[in-house]
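Breakdown of the fold
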Amino acid sequence: MSLGESLSELQAVLDEAAGAGWCEHPVRLAGRLVHHASGEIERGLLVTSCKDRRAVRCPACSRRYKADAWHLVAAGIVGGKGVPERVAGHPMLFATLTAPSFGRVHSRPHDPVRRAHCTGPSERRCRHGRPRSCGVAHAPGDPLFGAPLCPDCYDTEGAVLFNAHVPLLWNRTSVAIVRELAREAGTSERRLRQLARLSYLKVAEFQRRGSVHLHVLLRLDVPDGPSGEPPAGLSGDVLERAVRAAVARVQVTLPAHGGHGHGDGRRPARGIGWGRELEVDALFADGTSPEAVASYVAKYTTKDVDDDGLLARPIRSLRQLEALGLPGHLEALARAAWHLGDDPDLAELRLRARAHRLGYPGHVQSKSRAYSTTLTALRGARRDWARSRSPLPEGFDGAWRYVGRGYVHAGAARLAETLARDLDASSTAS
């Protein structure tokens, strides 16, 4: 191969990888461009990014998604992207809502009192003969971190059903917050909704024990949105009291179902709410910048159920589940979701289809309509910018269809993978 041919091949590899945004698992589209005036047809193959938000699946696309999420969060805090800057003066809180306990787990809590079951004496044993403590302060990367001290004592089914009801629990919590605000203001809920609106953005995170908890940004607006400040009586302190009261009392009912993992017999319906660990903080009270808050929230949007991406795809059979090689606790949760999905009383939860998410049915990120801009708007702006840089010829119209995955040039795949590894290494070092 001549030098010119080698350079041409290298340029084709670079163009293909760059055109797909250095994606590791790009989508191949075959199609045509038709010139309306002349009827001329140009056929070709287009390689575009997979747009997967999860870092374990595609680092390049997840970085872009994380950047969009950052703008989404930041616009709701300080304005921009169509949100007025005066929104920064509205009452705002950052809350973390956790799952309740389903049994003792290996942990590394900061509170010394709560470390007792992992660092205290291990003479006490559960009814299955296992120690109630392990005597080890676990590091975050320890495989045991988050696993039950006794798998037989742990309420695996309850944990899965809690995950399945998190969206409903949050919906009831947001309604309860408004009702508590009305009570604090000494007025009716209807009247309060005429004076103010609760706007929010929430991100779901899977804890190491496999239970979902929520990071929520809450803001008080006028009914039309962030265009004006709510009444002076609705301060940040009032909002905090309303949040704490609502989280403490809201519950959902886990439906009755047949037991599958820990004994026979039918399990009765029961109420369940949020965990006792609730963090509610006024934004920037400790000097934290809006950019740091946006970065903290956005980083959770690219995380998945597990760190290795083993649960990145739906589970189609128990054989597939067994072949994944999951840590014991995650496998137990996924298996419980699969078996519970066979219960007709739980059919509407579609637990088998969501076994790879341990029962959780919601989006990783969602927001109220008036909180800020949308991911669609951000992507549209980026698309318009790209088209302005490289527009299609006037009079052309495109039609494309999916034909597969992966780059046409093998070198493009290696280039994208190498670049992603280098970027991860540099971000970790910084």
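Structure's up top.
Given the structure is predicted, the values throughout are model-derived calculations rather than measurements.

**Here we look at the overall build of the protein**
The helix and strand inventory of the protein stands at 11 helices and 12 strands. Expressed as a percentage of its 430 residues, the buried residues of the protein come to 44%.

**Observations regarding the packing of helix α2 (residues 59-78) against helix α10 (residues 375-389)**
The geometry of α2 relative to α10 is characterised by a closest axis approach of 10 Å and an angle of 120 degrees between their N-to-C directions. With respect to the hand of their crossing, α2 and α10 are arranged in right-handed fashion. Packed against α2, whose contacting residues are R64, Y65, D68, A69, H71 and L72, the element α10 presents L375, L378, R379 and R382 at the interface. Looking at the contact of α2 with α10, its residues break down into 5 nonpolar, 1 polar and 4 charged.

**Here's the deal with the environment of S211**
Take S211: it is sitting in the loop between β4 (197-206) and β5 (212-221). Measuring from C-alpha to C-alpha, the distance between S211 and T98 comes to 8.4 Å, with 113 residues separating the pair along the chain. Once residues within four sequence positions are removed from consideration, S211 is found in contact with A99, F102, Y154, A159, N163, E205 and F206.

**So, the state of the cysteines**
Evaluation of the coordinates by the stated rule reveals 0 disulfides. Left unpaired, C58 is separated from the closest cysteine sulfur, that of C23, by 3.6 Å. Its relative accessible area of 0% is what places C58 among the buried residues. Just so you know, C150 is unpaired, no disulfide at all, and the nearest cysteine sulfur is the one on C153, 3.5 Å from it.

**Things to note about the packing of helix α4 (residues 156-185) against helix α9 (residues 328-340)**
One way to put it is that α4 packs onto α9 with a least axis distance of 9 Å and a crossing angle of 75 degrees. As the angle between them shows, α4 and α9 are arranged roughly perpendicular. Seen from α4, the contacting residues are T156, E157, A159, V160 and L161; seen from α9, they are A332, L333, A336, A337 and L340. When its residues are assigned to classes, the contact of α4 with α9 shows 8 nonpolar, 1 polar and 1 charged.

**So, α2**
For α2, with 20 residues, the first-to-last C-alpha span of 28 Å sits near the 28 Å given by 1.5 Å per residue. Directly beyond the C-terminal end of α2, a positive phi value near 90 degrees is found at G79.

**A short note on the side chain of T96**
Within the fold, T96 resides in strand β3 (residues 92-97). Classification of T96 by relative accessible area gives buried; the value is 9%. There is a polar contact of 3.4 Å between the side chain of T96 and the side chain of H215. If we ignore the near neighbours within four places in the chain, the residues touching T96 are H213, L214, H215, E277, L278 and E279.

**Description of the nonpolar core**
L97, I177, L214, L218, L239 and W274 are the most contacted members of the largest nonpolar core, which has 63 residues in total. Of all the elements in the fold, those that place two or more residues in this core are β3, α4, β4, β5, α6 (236-249), β6 (252-254), β10 (278-282) and α9. The biggest single contributor to this core is α4, with 13 residues. Setting aside residues no more than four positions away along its own chain, L97 makes contact with W170, T173, H213, L214, V216, V247, W274 and L278.

**With respect to the pattern of salt bridges**
Under the counting rule described, the total for this entry stands at 16 salt bridges. A salt bridge links D152 to R130, with the nearest nitrogen and oxygen atoms 2.9 Å apart. Placement of D152 in the loop between α3 (116-119) and α4 and of R130 in the loop between α3 and α4 is noted, with a sequence separation of 22 residues between them. When its relative accessible area of 35% is taken as the criterion, D152 is described as partly exposed. For R130, a relative accessible area of 30% translates into the label partly exposed. Residues R244 and E240 are paired through a salt bridge, measuring 3.1 Å at the closest nitrogen-oxygen approach. With R244 and E240 both in helix α6 and 4 residues apart, the pair spans about one turn of that helix. Residues joined in a network through salt bridges with shared partners are D155, E157, R267 and R270.

**Brief notes about the environment of V13**
As for its position among the elements, V13 is in helix α1 (residues 3-19). Residue V13 is classed as buried on the basis of its relative accessible area, which comes to 11%. Along the primary structure V13 and V408 are separated by 395 residues, whereas in three dimensions their C-alpha atoms are 8.8 Å apart. Sequence-distant contacts of V13, defined by excluding residues within four places in its chain, comprise H409, G411, A412 and L415.

Rules of the game
- Residues numbered from 1 in each chain as written.
- Predicted model: local features only at pLDDT ≥ 70, side-chain atom pairs only at ≥ 80, totals over all residues.
- Heavy atoms only, no water.
- Helix = DSSP H or I, 4+ residues; strand = E, 2+ residues; numbered from the N terminus.
- Buried < 20%, exposed > 50% of the residue type's maximum accessible area, 1.4 Å probe, protein only.
- Axes fitted to C-alpha atoms, helices over the stretch in contact; angles between N-to-C directions.
- Left-handed = near helix turned anticlockwise from the far one by under 90°.
- Contact = heavy atoms within 4.5 Å.
- Nonpolar A, V, L, I, M, F, W, Y, C, P; charged D, E, K, R; others polar.
- Disulfide = S-S within 2.5 Å.
- Parallel < 35°, antiparallel > 145°, perpendicular 65-115°, else oblique.
- Expected span 1.5 Å × (residues − 1).
- Polar contact = N/O pair within 3.5 Å; in protein donor to acceptor, adjacent residues only side chain to side chain.
- Core = buried A, V, L, I, M, F, W, Y, C linked by side-chain atoms within 4.5 Å.
- Salt bridge = Lys/Arg side-chain N within 4 Å of Asp/Glu carboxyl O.

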